[in-house]
Amino acid sequence: MNNKHLLTGNEAVARGAYEAGLMFASAYPGTPSTEILETLAEYKDSLYCEWAPNEKVALEAAIGASIAGGRALAAMKHVGVNVAADPLFTAAYTGVNGGLVLAAADDPGQHSSQNEQDNRNYAIAARLLMLEPSDSQEAKDFTKLGFELSERFDMPVMLRLTTRVCHSKSVVEFEERQEVGAKPYEKDIRKYVMVPANAKVKRAHLEDVLRAMAEYSNTCEINREEINGTEIGVISAGVAYQYAKDVFGPEASYLKLGMTYPMPLEKIKAFASKVKKLYVIEEMDPYMERQIKEAGIDCIGKDVIPAYDELNTDIIRKAVFGEEAPTLSSDKTAVVRPPAMCAGCPHRGFFYALSKKKNIMVTGDIGCYTLGAAAPLAALDTTVCMGASISMGHGAAKVFRASNSDKKVVAVIGDSTFFHSGITSLIDVTYNKGVSVSVILDNRITGMTGHQQNPGTGLTLMGEPAVEVDIPMLCQAIGMKKENIYTVNPLKLAEVDAALDEALAKDEPCVIITKWPCVLKKFTQEDKSSFDLSPKKCVIDQEKCRKCKMCVKTGCPAIYSGDTITINRESCTGCGVCAQVCPFDAIKEVK
Amino acid sequence: MSETKNILLVGVGGQGTILASKILSAGLLEAGYDVKMSEIHGMSQRGGNVSTQIRFGEKVYSPIIGKGEADIIVAFETMEALRWISCLKVGGKMVINDHEIPSVPIQMGVAEYPEGVLEELASKADVSIFKASQIAEELGNPKTMNIVLLGALVKALNMPHIDWEKAIRDNVKKDFEDINIQAFYAGAAQV
């Protein structure tokens, strides 16, 4: 038993990479992929790993590490692959030296994402070998196999994961690490310099590689038949295979695919001929179904199975057999429990002050502060993607100006997101004479994904001290006037208010940096010496309270509005925002 | 061995559902079961409702539990028991912490915490209702509420052949081993 471990898919990918002799890993955190690198950091005596500022940088660094001869991995969530798509497509041309694996995690059902996209389409578009594990043991095995196949076919391998594979735990057996070391590096301009003359040759060569990979796909063990009955055959991959096994049971036959690009069409043809009715069970797009039908094989897929949202056994059972399990129900309804900014969150004070400003548009970004859009603050107008706040704000401000509107624009972005892709946007604002106000919410950590270091925190993933990016200096270096850069404490409403008023009144681009650590952060010595983080609580003097609910309108989850208004002592951190909005001086800070 | 059993732990972010499910899975794994456990990370942690699903048996496929499939639901908060009732197998059991945590709309006074939830659930299913939070507080550490509920769950599962004390010791910090074991037995005594 002692060799068996219960691991999440993410932990298993990290373990697989470690066992495969990985030398270099780089990633940007994003749910559901984050724990891959966090787990790799536990093996830091044997390998190097880092948080990159964004996914494109992470993948490029991994490509460089691979060309230098080391086995390398980049990890990201599905939308991160959009950011990294530029190097990804051309890496399929250059190929690799040390094995290169891209672990890309889709989020069907959008548990923690701004969109739902099926990244298997990237494998087709970029012509990448793709592996799809369906549980944690496969996540480990396929990661190891990925490095081997990457070297064998001279091709980056995409390891496609989904939320339920990433975050479900199942049993994994450990093996020893193979110390493969770095392969020798040889300068090879025709292989690695993708000017058109070389790239055209590589493009043609890619067709040969595709044929070789397809041949492997048709013969490899991870694309396996489980022949039982002849009535129903099921082709499936990833976690959908697990659902299918529960729904179709031991009577059906299965073709379980571990390698889904190139598809094993010969094997599929052979399987199809053995069963009377063929189902393709897959989450999101009809990715496999389309290719199977194109090959002239009849199958049932998205005509019954939903083409969006997460699948589960209920959905498949109902779709295929029209069966539903008997359930209990109640006339009473549970009130929704939407996520909210934490009690003591430094973003609350800023958003409260911002929500009082009239005639503004607020472009938002991706992070905990996206919750600024929730009631009662409702202080955001837009959220699209990482880094979009500043650039969208710039475009919006230009149009308001051109149409003689006096509407002003405030862009709101977190520290990690600013480093990710907000800096280039801010250059657009400063260089092209923008007029928006950009607010960098610097809470000293990457919050939403669970506290990863970033270039502003002064620590690396491997726990080493690093030189922090100086945000005000950076803003100056890209053309922001010194007098237009404000640094404020977001928990001091008057300070935030004054900075917003001054910046909004200017006809020049401005930056406001709100600087206070995330309330959930494990504070560093530097945090403790830079900020007053001593424990405090706020209490309401019931004699003074007139129940005006101004404090309730800050949206703090520690404040409860019933017959009386009270503050939950356990969750209150004494941030004092409620005390500042109370018109009757009824809220006091106590030790 | 046996057919697959389904356990659902539901609550509010920060209540310790994940540690409880980790200890449960460790015990089951040690006893030789195939175990799968699924949870959702990310946005839901910020005060939203959370769920952890554990399936175990000889061979487990899907890591998630469907509607009407849970043999036991452990609700760390009262209203969450109501939210997940459709997942309970008809004839299944609910272990419920008699403890209300209002959600943001309730705190803001725009919605009301539903009344009579416990009576409603008791009329629909086999329930064990007790004040796990209070028991943990009386033991001297309110955070052990999750282990009080784990104790009740394990009792309801009726698997005395598993070394649960070891599973707890392996998964909590040394200084908190004894208090957690006390909490475990205090919870077991409630079922």
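Residues numbered from 1 in each chain as written. Chains lettered and ligands numbered in written order. Predicted model: local features only at pLDDT ≥ 70, side-chain atom pairs only at ≥ 80, totals over all residues. Heavy atoms only, no water.

**Student:** Could you give an account of the overall build of chain B, naming the residues involved and the relevant values?
**Tutor:** The secondary structure content of chain B amounts to eight helices and six strands. For 191 residues, the compact-globule estimate of 2.2 N^0.38 gives 16 Å, and chain B sits close to it at 16 Å. On the principal axes, the C-alpha backbone points of chain B span a range of 50 × 35 × 35 Å. Within chain B, the proportion of its 191 residues that are buried is 61%. (Helix = DSSP H or I, 4+ residues; strand = E, 2+ residues; numbered from the N terminus. Rg over C-alpha atoms; globule rule 2.2 N^0.38 Å. Buried < 20%, exposed > 50% of the residue type's maximum accessible area, 1.4 Å probe, protein only.)

**Student:** An account of the sheet that holds strand S2 (residues 24-27) of chain A is requested, with residue identities and associated values reported.
**Tutor:** Residues and elements named next belong to chain A. One open sheet holds the seven strands; their spatial order is S3-S2-S4-S5-S7-S6-S12, and the pairing between them is mixed. Each end of this open sheet is capped by a strand with a single partner; those strands are strand S3 (48-51) and strand S12 (259-261). Averaged over all adjacent pairs, the angle separating strand axes in this sheet is 20°, with direction ignored. As judged from the four bridges shared by S2 and strand S4 (residues 72-77), these two strands associate in the parallel manner. Paired with serine 26 across the bridge in S4 is alanine 74. (Pairing = 2+ DSSP bridges. Axes fitted to C-alpha atoms, helices over the stretch in contact; angles between N-to-C directions.)

**Student:** I'd love a proper account of the packing of helix H9 (residues 196-219) of chain A against helix H11 (residues 265-272) of chain A, names of residues and values included.
**Tutor:** Residues and elements named next belong to chain A. Two elements in contact, H9 and H11, have axes separated by 7 Å at closest approach and are oriented at 35°. Touching Ser217, Asn218 and Thr219 of H9 are Leu265, Glu266 and Lys267, all from H11. Its residues assigned to classes, the contact of H9 with H11 comprises one nonpolar, three polar and two charged. (Contact = heavy atoms within 4.5 Å. Nonpolar A, V, L, I, M, F, W, Y, C, P; charged D, E, K, R; others polar.)

**Student:** Could you give me a rundown of unusual backbone geometry, with the residues and numbers involved?
**Tutor:** Residues and elements named next belong to chain A. Across the junction of threonine 31 and proline 32, the peptide omega takes the value 10°, indicating a cis bond. Within the secondary structure, proline 32 sits in the loop between S2 and helix H2 (35-40). Positive phi outside glycine occurs at alanine 378, with the angle close to 45°. For asparagine 404, which is not glycine, the phi dihedral falls at a positive 55°. A relative accessible area of 72% places asparagine 404 in the exposed class.

**Student:** Describe the interface of chain A and chain B, listing the residues and the values that go with them.
**Tutor:** Every contact between the two is made by 57 residues of chain A and, on the other side, 58 residues of chain B. The junction of chain A with chain B conceals about 4,800 Å² of combined surface from both sides, 61% of it contributed by carbon and sulfur atoms. Among the residues of chain A in contact with chain B, Leu328, Val335 and Arg337 of chain A are the three that bury the most area, contributing 18% of the side total. Remark: the boundary between chain A and chain B carries four salt bridges. The partner of glutamate 77 of chain B in a salt bridge is arginine 337 of chain A, and the shortest N-O contact between them spans 3.2 Å. At the boundary of chain A and chain B, one finds 18 residue pairs in polar contact (both at pLDDT 80 or more). In terms of residues, the side of chain A that touches chain B owes the most to one element, helix H10 (residues 238-248) of chain A, which gives five residues. (Buried area = accessible area lost by both parts, 1.4 Å probe. Salt bridge = Lys/Arg side-chain N within 4 Å of Asp/Glu carboxyl O. Polar contact = N/O pair within 3.5 Å; in protein donor to acceptor, adjacent residues only side chain to side chain.)

**Student:** Describe in detail the environment of glutamine 190 of chain B, supporting the description with residues and values.
**Tutor:** Residue and element names in this part refer to chain B. You can see glutamine 190 is positioned in the segment after helix H8 (177-188). Measuring from C-alpha to C-alpha, the distance between glutamine 190 and isoleucine 147 comes to 13 Å, with 43 residues separating the pair along the chain. In this view, glutamine 190 contacts Phe130 and Ile135; residues no more than four positions away in its chain are not counted.

**Student:** Hey, could you go over the domain arrangement of chain A for me, with residue numbers and the actual values?
**Tutor:** By a frequent convention, interface size equals the accessible area lost on bringing the separate parts together. The domains assigned to chain A are domain 1 (4-219), domain 2 (223-321), domain 3 (346-533) and domain 4 (534-591). Taken over C-alpha atoms, the centre of domain 1 of chain A sits 49 Å from the centre of domain 4 of chain A. (Domains from an automatic or database assignment.)

**Student:** Could you give me a rundown of the pattern of salt bridges, with the residues and numbers involved?
**Tutor:** Counted by the stated rule, this structure contains 48 salt bridges over all chains. Where aspartate 71 of chain B meets lysine 89 of chain B, a salt bridge forms, and the shortest distance between an N and an O atom there is 2.8 Å. Remark: lysine 89 of chain B occurs in strand S5 (residues 88-97) and aspartate 71 of chain B occurs in strand S4 (residues 70-75); sequence separation between them is 18 residues. According to the relative accessible area criterion, aspartate 71 of chain B is buried, its value standing at 14%. It is possible to trace a salt-bridge network through shared partners that takes in Asp106, Asp118, Arg120, Glu132, Arg160 and Glu282 of chain A.

**Student:** Can you tell me about the pairing of strand S16 (residues 437-442) of chain A, naming the residues and giving the values?
**Tutor:** All names here are of chain A. The buried fraction of S16 amounts to six of the six residues, a majority that puts the element mostly inside the structure. Burial along S16 is two-sided: the residues Val437, Val439 and Leu441 and Ser438, Ile440 and Asp442 are all buried. In this structure, strand S15 (residues 408-414) lies alongside S16, joined through five bridges in parallel fashion. Counterpart to valine 412 in the pairing with S16 is valine 439. With respect to chirality, the unit in which S15 leads through helix H16 (residues 415-431) into the neighbouring parallel S16 is right-handed. Where S16 and strand S18 (residues 510-515) come together, six bridges link them in parallel fashion. The residue of S18 that forms the bridge with valine 437 is cysteine 510. (Right-handed = clockwise from strand over helix to strand, strands pointing away.)

**Student:** Which residues make up a nonpolar patch on the surface, and what are the values?
**Tutor:** Taken together, the side chains of Ile189, Val193 and Val195 of chain A make up a nonpolar region of the molecular surface, amounting to roughly 230 Å² of accessible area. Take valine 195 of chain A: it is sitting in the loop between helix H8 (189-192) and H9. (Patch = residues over 30% accessible without salt bridge, like charges linked within 9 Å, V, L, I, M, F, W, Y side chains within 5 Å. Areas by Shrake-Rupley, 256 points an atom, 1.4 Å probe, with all protein chains shown as cover.)

**Student:** Before we move on, could you go through the packing of aromatic side chains and cite the residues and values that matter?
**Tutor:** What characterises a pair of aromatic rings is the spacing of the ring centres plus the angle enclosed by the ring planes. All names here are of chain A. Applying the stated criterion to the full structure yields 12 aromatic pairs over all chains. When the centroid spacing of 5.4 Å and the interplanar angle of 45° are considered together, the rings of phenylalanine 248 and tyrosine 279 count as tilted. Here phenylalanine 248 is found in helix H10, whereas its partner tyrosine 279 is found in strand S13 (residues 277-281), with 31 residues between them in sequence. An identical accessibility class is assigned to phenylalanine 248 and tyrosine 279; each is buried. For arginine 15, the ring lying beneath its charged end belongs to phenylalanine 174, and the centroid distance is 4.0 Å. Above the ring of tyrosine 254, the side-chain terminus of lysine 245 is found at 4.5 Å from the ring centroid. (Phe/Tyr/Trp six-rings, centres within 6.5 Å; stacked < 30°, edge-to-face > 60°. Lys NZ or Arg CZ within 6 Å of the ring centre and 35° of its normal.)

**Student:** Tell me about the state of the cysteines, and please be specific about residues and values.
**Tutor:** Within this structure, the stated rule accounts for zero disulfides over all chains. Free cysteine cysteine 220 of chain A: the closest other cysteine sulfur is in cysteine 299 of chain A, separated by 20 Å. (Disulfide = S-S within 2.5 Å.)

**Student:** For the confidence of the model for chain B, give the residues involved together with the corresponding values.
**Tutor:** Residues and elements named next belong to chain B. Of all residues in chain B, 96% attain a pLDDT of 70 or more, and the chain-wide mean is 93. Across chain B, element-level confidence peaks in S4 with a mean pLDDT of 98 and bottoms out in helix H3 (residues 104-107) with 88. Predicted complex, confidence summary: ipTM 0.94, pTM 0.96. (pLDDT = per-residue confidence, 0-100.)

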